[in-house]
Every structure is written in structure tokens, then in C-alpha cells.
Amino acid sequence: MPRAKFHTLTEQMFYILLCLKEECYGMDILDRVPAMTQRRVTVGSGTLYNLLEQFVQAGMIQETKVEGRRRSYILTNYGKEMLEREYRRICAQAEDYRRMFRNAECSEGRQADEG
Amino acid sequence: MKDKKRTWEIFSFYDRSGLEKRLAHMAEQGWLVEHIGSFLWTYRRIEPRRLAFCVCWFPKASAFDPEPSAEQQTFYDFCRHTGWIPAASSGQMQVFYNEDADPIPIETDPATEVDAIHRAAKRTTLPSHLVLLVMALINNGLFFSRLRSDPVGVLASTANLFTGTCWAVLILMEAVECGSYVLWHRRAVKAAERGEFLQTKGHRRLQLISLAVVGLGLIYYFVSVLTSANRMMMVVALLMFGVYLPGVYLLVYGVKALLKKKKVSAKINRTATIASAFAVSFLLISGILWGVLYGSANGWLAGTDEETYTYRGSTFTARRDALPLTVEDLLGVSYDGYSCERQTEESVFLARYEMVQRPRFDAAQYKEMPRLEYTITLVKVPALYSLCKDALLADWNDDWRPEGQKDYAVPIASAPWGAEDAYQLANQEYGPENRFLLCYEDLFVEIRFDWEPTPEQIALAVEKIKSINH
């Protein structure tokens with residue numbers, strides 16, 4: 001079930017979809033993801049090839065142009081939805097992190113004042 | 001200095017880690033893989049250097065594809081973009097190398113990788129291995145069924161033991177191959193859920209040992225056949241291993257290669273190759289069978305002690321083998337026109353000598369000439385003695401005829417035969433026959449007289465027959 005499969009996105013999936021916010025050749029994603037993440041994230045060619053195929057099957061991206069063996073893709077509305085959901089999930093995680101550490105910092109500050 | 005090198009690479013079909021290590025080692029030795037054949041891998045000479053290798057699977061590819069499909073070419077383009085150069089492929093398995101010291105791997109997501117391997121395995125490799133496993137199980141079942149019904153015949157036959165061993169080894173190899181893949185896949189899926197790649201671990205040592213067992217079995221089989229006096233068996237073995245097996249392989253492989261060269265579609269190529277495998281196999285087997293029967297009927301396969309004769313329009317074979325005991329020895333009379341036949345089957349467990357002295361159909365005194373028949377079973381492994389005795393007795397007692405007409409073994413005095421045990425065959429309707437089963441320390445004798453033997457003839461028969469053991 002592709003939808004269940006992409007319920008949460010891996011980092012590589014997230015950045016591949018992000019690259020496809022605008023029409024883009026599949027192969028160019030191999031360079032765009034490292035550039036976008038200061039080489040923190042890289043996508044292997046086999047992984048990219050298979051994920052593009054799976055994203056098309058799941059209706060998250062669509063093929064826009066075929067020039068010889070070069071194919072370009074763009075995010076669909078459903079893909080945007082998935083990306084948006086993943087963004088909110090990451091934001092929620094970040095918010096949880098901040099809340100926990102802000103609280104901890106505040107309580108540490110209070111203890112220091114009392115001391 | 002040779003620029004090409006061919007080696008037989010033995011690896012599990014999913015063992016990418018083992019293959020990558022092996023290919024990197026070969027590159028360090030100055031050899032780069034360039035072609036993967038059915039048996040042999042071809043390497044070309046290069047400057048020795050450290051190269052990174054990646055073995056991955058493209059599930060949509062087929063061994064019958066005339067050339068890489070457009071999708072596969074796109075996949076290659078992706079790989080080239082990150083420095084991975086296609087080196088060789090075999091069906092769905094793709095081998096790439098990279099000159100970078102620290103390249104971006106082709107697979108960076110373990111779940112995607114496991115999925116690609118599993119899709120490829122499910123499409124071709126696993127079904128082939130499962131078919132082989134089922135075939136091996138059926139054939140091994142038949143072997144054990146024969147072993148149960150005729151243990152003496154099977155244990156004395158090198159050919160039977162060789163094929164039985166081959167099927168058993170195949171069961172072991174296929175069960176380990178399929179079982180270890182299933183286990184690896186299950187663990188790899190769990191590892192992928194944690195974002196980890198799971199290395200593959202083949203069982204190369206087991207595969208090498210299994211192949212060595214089959215190789216030694218083959219050598220033993222050939223030595224037995226080539227040193228036996230049975231010229232027909234020798235010719236059949238040589239035709240099977242020298243003509244049939246290489247013939248089927250070369251013709252079927254040739255059809256596949258030719259259709260690929262002619263750019264025929266994978267679907268048509270697959271159908272034609274499978275059809276040609278059946279056709280070639282059938283034609284070669286029929287040809288060999290016909291040739292052997294024709295050669296035998298015309299005396300071409302006759303040994304030096306063999307001749308053919310025609311009686312009432314049919315051709316028969318008569319032999320002049322040396323027999324340890326003859327009608328002449330026992331009756332002191334001499335007739336012209338006997339065929340003396342001796343057949344030997346020998347393995348590491350048993351030796352079985354079947355001897356018969358029968359009158360030729362064209363003999364002048366055919367009706368007066370008595371016949372003498374005896375089989376000696378020499379037990380080389382003492383642990384098999386009871387099994388053989390039970391089987392030989394069961395052969396007499398296990399009669400399919402209705403009650404009242406059955407044969408059965410009757411214990412008789414063993415002293416006159418100088419044996420440990422002696423039995424006489426009797427029939428419920430006709431009473432005792434002149435057929436005896438004699439059990440000695442390490443051999444059994446089944447002997448059939450055309451007349452009732454006297455004590456003197458029995459003593460002489462025992463002395464002469466036992467001499468075969470010395």
C-alpha cells in the first residue's frame with residue numbers, strides 16, 4: 001500500500017519531494033539535494049531511481065517531460081499534501097524539543113536564583 | 001601475457017557483500033569484471049588499483065533482454081552521474097564500479113534496496129531455486145523409494161549412488177540458499193526499519209564442499225564405468241556426459257545468445273529458449289537411445305568376448321565370459337552353443353556379480369542343454385550385511401501372486417553348503433524348487449539349477465563360487 005508506505009517520509013524522500021516543488025529532471029535531484037543541505041544529505045542513484053518510480057505510482061509526483069532518456073517531474077497536489085504533513089510533523093517535533101529544553105532552562109534558572 | 005581471465009565464481013544469489021569484496025580484490029590484482037556468463041565470469045586486465053564496487057538489482061531487467069531497456073539505460077545514467085560505471089550484468093543483477101575513494105553509494109536507503117532485491121528475487125531467482133529444490137526432493141524421494149525396495153541393487157550401483165548423492169547435495173544447497181535468503185530478507189527488513197543496511201553473508205564454503213563431493217562422485221563414477229567390462233554402460237556414460245549435457249547447454253545457450261543478437265524481444269526469446277531446451281533434450285536423448293540400441297543390435301557395442309547371431313529373424317547376443325562355475329564343471333558333459341554371461345556392478349558398499357550360462361537359441365541341442373544361473377553379492381561394509389540378507393529374503397517372500405501360488409523361502413540345513421544360513425525357494429502350489437539362497441560371512445549366493453544337485457555337485461559349486469572372493 002503506497003499511501004501507508006509513505007505515511008512518514010525519510011529525510012531522503014523529504015528532500016527529493018522538496019526539489020520537485022518546481023519541475024526538475026530526475027537526475028538533477030542527485031546534485032540539488034546535497035547542495036540544498038550543505039552535503040548533509042545525499043541520495044544514491046539507485047535509491048533516487050526507485051523512489052521516483054514509487055512516488056509516481058503513489059501519485060505524489062507526475063512526469064512532465066521526456067527528452068530522450070531524461071525525464072522531468074513535478075510534485076502533485078497529493079505530493080504537496082504529504083510534504084506539508086511531513087513539515088508539520090517535523091515542526092511539531094522541533095516545538096516539543098524547544099518546549100522541553102526551554103522549561104529545563106527556566107527551571108535551572110530558578111534554581112540558580114534561589115541558590 | 002593474457003588480457004582476459006575466466007573464473008568460476010561461486011556465491012549465493014543475493015550475496016552482494018561477498019561479491020563486492022571479491023570484485024574489489026580482483027581489481028587490486030589487476031582484473032576488472034566485464035562479462036558474467038552462465039558459469040564463468042570474464043575479467044579484463046587493468047592497472048591494479050583500488051576500486052569501489054556495487055552489486056545491485058534492477059528488477060525489471062531480464063536475462064533475455066536483447067539489450068538494456070530504456071528504463072535500465074536511465075538507471076545507468078543516474079549511476080554514471082555519481083561516478084558509478086556499469087561493469088557487467090547478469091539478468092537483474094548489475095555490477096558497477098567507481099574510481100572515487102569515497103563515492104556516494106548507489107543505495108542510500110536500506111528499505112528501497114531490500115525492496116529491489118526482493119522484487120528481483122521473487123521474479124526469477126527464488127522461483128528457479130524452488131523449482132530445483134522440488135525437483136531434487138522428488139528425485140531423492142524416488143532414490144530412497146528404490147533404495148527401500150531394492151537396497152542391494154541400488155547400493156551396488158555406482159550410477160545410482162552417484163545420482164542419489166547429487167540430488168541429496170542439491171537439496172542441501174537449495175534448501176540452504178532459499179532458507180538463508182528468507183532469513184536474511186526478514187532481518188534486512190527489520191534493519192531497514194531502523195535505517196540500517198544489513199550485510200549479506202553467503203555460505204561459499206558449504207557450496208565448495210558440496211561441489212567437491214559431486215566432483216569426486218563424478219570421478220569415482222567415471223573410473224568405475226571406464227574400468228568395467230560393460231561396454232554399453234561405458235558408451236552410454238560417455239554419450240551422456242560428453243554429448244548430451246554439453247550439447248543441451250551449448251544449443252540452448254546458443255539459441256538464447258542468437259536471439260539476443262537478432263534483437264528478438266525478451267518474451268519471444270524466453271519462450272523459444274525454453275521450447276528449444278525441451279526439444280534439444282528430447283532429440284538428443286532419443287538419438288542416444290536409438291544409437292545405443294541400434295549399435296547394440298548390430299554388435300557395434302560388443303566386447304571382444306561377445307558376438308551376435310540371428311535366429312528366426314531376430315538378433316541375439318551371445319557372450320563368452322569366464323564364469324567361476326559352469327554346467328560342464330558340475331555335470332562333466334560338454335555342449336556346444338552356450339552363452340556365458342557375467343555382469344558386474346560394484347560400488348564402495350557392495351559388489352554384485354550376476355552370472356548365467358544359457359543355451360543359445362540356435363544351439364543344436366537347445367532342449368537338452370541345462371541352464372545355470374547364480375548371483376553373488378559381496379558385502380564390503382559389514383554393517384550392511386543384515387540389510388542385504390533381509391532384502392534378498394524379502395525379494396523371495398514378497399510375492400505378488402495370490403494365496404496358494406506364492407513363492408516363499410524355506411530354511412534348510414546349511415552344513416552341506418558350508419554356509420551360515422541356507423534357504424530354498426518353494427512355491428505354495430508346486431513345492432520346493434532348485435533355487436537356493438546361501439549366506440556366508442561376507443557374501444550371499446543365489447543359485448538356480450535346472451536339475452536337483454547332488455551333494456558332490458553342491459560341494460563343488462560352493463568351492464568354485466566362493467573362489468570369486470579371493
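Residues numbered from 1 in each chain as written. Chains lettered and ligands numbered in written order. Predicted model: local features only at pLDDT ≥ 70, side-chain atom pairs only at ≥ 80, totals over all residues.

Q: It is not clear to me how the overall build of chain B should be interpreted in this structure. Could you clarify?
A: On a plain count of helices and strands, chain B comes out with 11 helices and 15 strands. Expected size for 470 residues packed as a compact globule is a radius of gyration near 23 Å; at 31 Å, chain B overshoots this value by more than 25%. Here the C-alpha coordinates of chain B stretch approximately 95 × 50 × 50 Å along the principal axes. Burial status across chain B gives 27% buried among its 470 residues. Partitioning the intrachain contacts of chain B with sequence separation of at least 6 by distance along the chain shows that 60% fall at a separation of at least 24. (Helix = DSSP H or I, 4+ residues; strand = E, 2+ residues; numbered from the N terminus. Rg over C-alpha atoms; globule rule 2.2 N^0.38 Å. Buried ≥ 20, exposed ≤ 12 C-beta atoms within 10 Å, placed from the backbone. Contact = placed C-beta atoms within 7 Å.)

Q: Even after reading the chapter, I still don't get the domain arrangement of chain B, so can you show me in this structure?
A: Interface size is commonly expressed as the accessible surface area that is lost when the partners come together. All names here are of chain B. According to the domain assignment, chain B consists of domain 1 (4-106), domain 2 (108-227), domain 3 (231-301) and domain 4 (306-469). Placing a centre on the C-alpha atoms of domain 2 and another on those of domain 4 gives a separation of 43 Å. Facing the 8 residues of domain 2 at the interface are 13 residues of domain 4. The set of elements that each furnish at least two residues to the side of domain 2 that touches domain 4 consists of α4 (151-155) and α5 (158-193). (Domains from an automatic or database assignment.)

Q: When you look at unusual backbone geometry in this model, what are you seeing that I'm missing?
A: Peptide bonds are, in most cases, trans, and in most cases residues other than glycine have a negative phi. Residues and elements named next belong to chain A. The backbone of Gln-38 sits at a positive phi, close to 50°, despite the residue not being glycine. Residue position: Gln-38 is located in the loop between α3 (29-36) and α4 (45-57). Gln-38 gets classed as exposed once you count the C-beta atoms within 10 Å, which come to 7.

Q: I tried to follow the nonpolar core on my own but got confused; where do I start?
A: Generally speaking, a soluble globular protein has its nonpolar side chains buried in company with each other. Counting residues in each nonpolar core, the largest one holds 61 residues, and the members touching the most others are Ile16(A), Leu48(A), Val33(B) and Phe96(B). Two domains each provide a minimum of three residues to this core, namely domain 1 (4-106) and domain 2 (108-227) of chain B. By size, the runner-up hydrophobic cluster in this structure holds 35 residues, among which are Leu155(B), Ala156(B), Leu323(B) and Phe436(B). (Core = buried A, V, L, I, M, F, W, Y, C linked by C-beta atoms within 7 Å.)

Q: What should I look at first to understand the pairing of strand β2 (residues 31-36) of chain B in this one?
A: Note on strand geometry: in a regular strand, side chains alternate between the two faces of the sheet. All names here are of chain B. Here β2 pairs with strand β3 (residues 40-45) via 5 bridges, running antiparallel. Counted as the bridge partner of Val-33 is Tyr-43 from β3. If you look at the hairpin formed by β2 and β3, you'll find 3 residues sitting between the two strands. (Pairing = 2+ DSSP bridges.)

Q: Please explain the packing of α4(A) against helix α2 (residues 70-81) of chain B as it appears in this structure.
A: Packed helices, taken two at a time, are described by the angle between their axes plus the distance between the axes. With their axes 8 Å apart at the nearest point, α4(A) and α2(B) run at an angle of 140° to one another. With respect to each other, α4(A) and α2(B) are oriented oblique. The handedness of the crossing between α4(A) and α2(B) is right-handed. Counting all contacts with α4(A), which are made through Ser45(A), Leu48(A) and Tyr49(A), the residues of α2(B) involved are Phe75(B), Phe78(B), Cys79(B) and His81(B). For the contact of α4(A) with α2(B), the per-class residue count stands at 5 nonpolar, 2 polar and no charged. (Axes fitted to C-alpha atoms, helices over the stretch in contact; angles between N-to-C directions. Parallel < 35°, antiparallel > 145°, perpendicular 65-115°, else oblique. Left-handed = near helix turned anticlockwise from the far one by under 90°. Nonpolar A, V, L, I, M, F, W, Y, C, P; charged D, E, K, R; others polar.)

Q: Looking at this model, I keep getting lost on the packing of helix α7 (residues 231-261) of chain B against helix α8 (residues 266-297) of chain B. Mind explaining?
A: All names here are of chain B. One way to put it is that α7 packs onto α8 with a least axis distance of 9 Å and a crossing angle of 155°. Regarding the angle of α7 to α8, the classification is roughly antiparallel. Helix-helix and strand crossings are classified by hand; for α7 and α8 the assignment is right-handed. A per-class count over the contact of α7 with α8 returns 18 nonpolar, 6 polar and 2 charged.

Q: Is there a simple way to explain the sheet that holds strand β1 (residues 24-25) of chain A in this structure?
A: The strands making up a sheet associate through hydrogen bonds between their backbones, and the pairing can be parallel or antiparallel. Residues and elements named next belong to chain A. If you walk across this open sheet you meet the 3 strands as β1-β3-β2, and the pairing is antiparallel. Each of the sheet's edge strands pairs with one partner strand only, and the pair in question is β1 and β2 (61-67). In terms of strand pairing, β2 meets strand β3 (residues 70-75) through 6 bridges, oriented antiparallel. Within β3, the position partnered with Lys-65 by the bridge is Ser-72.

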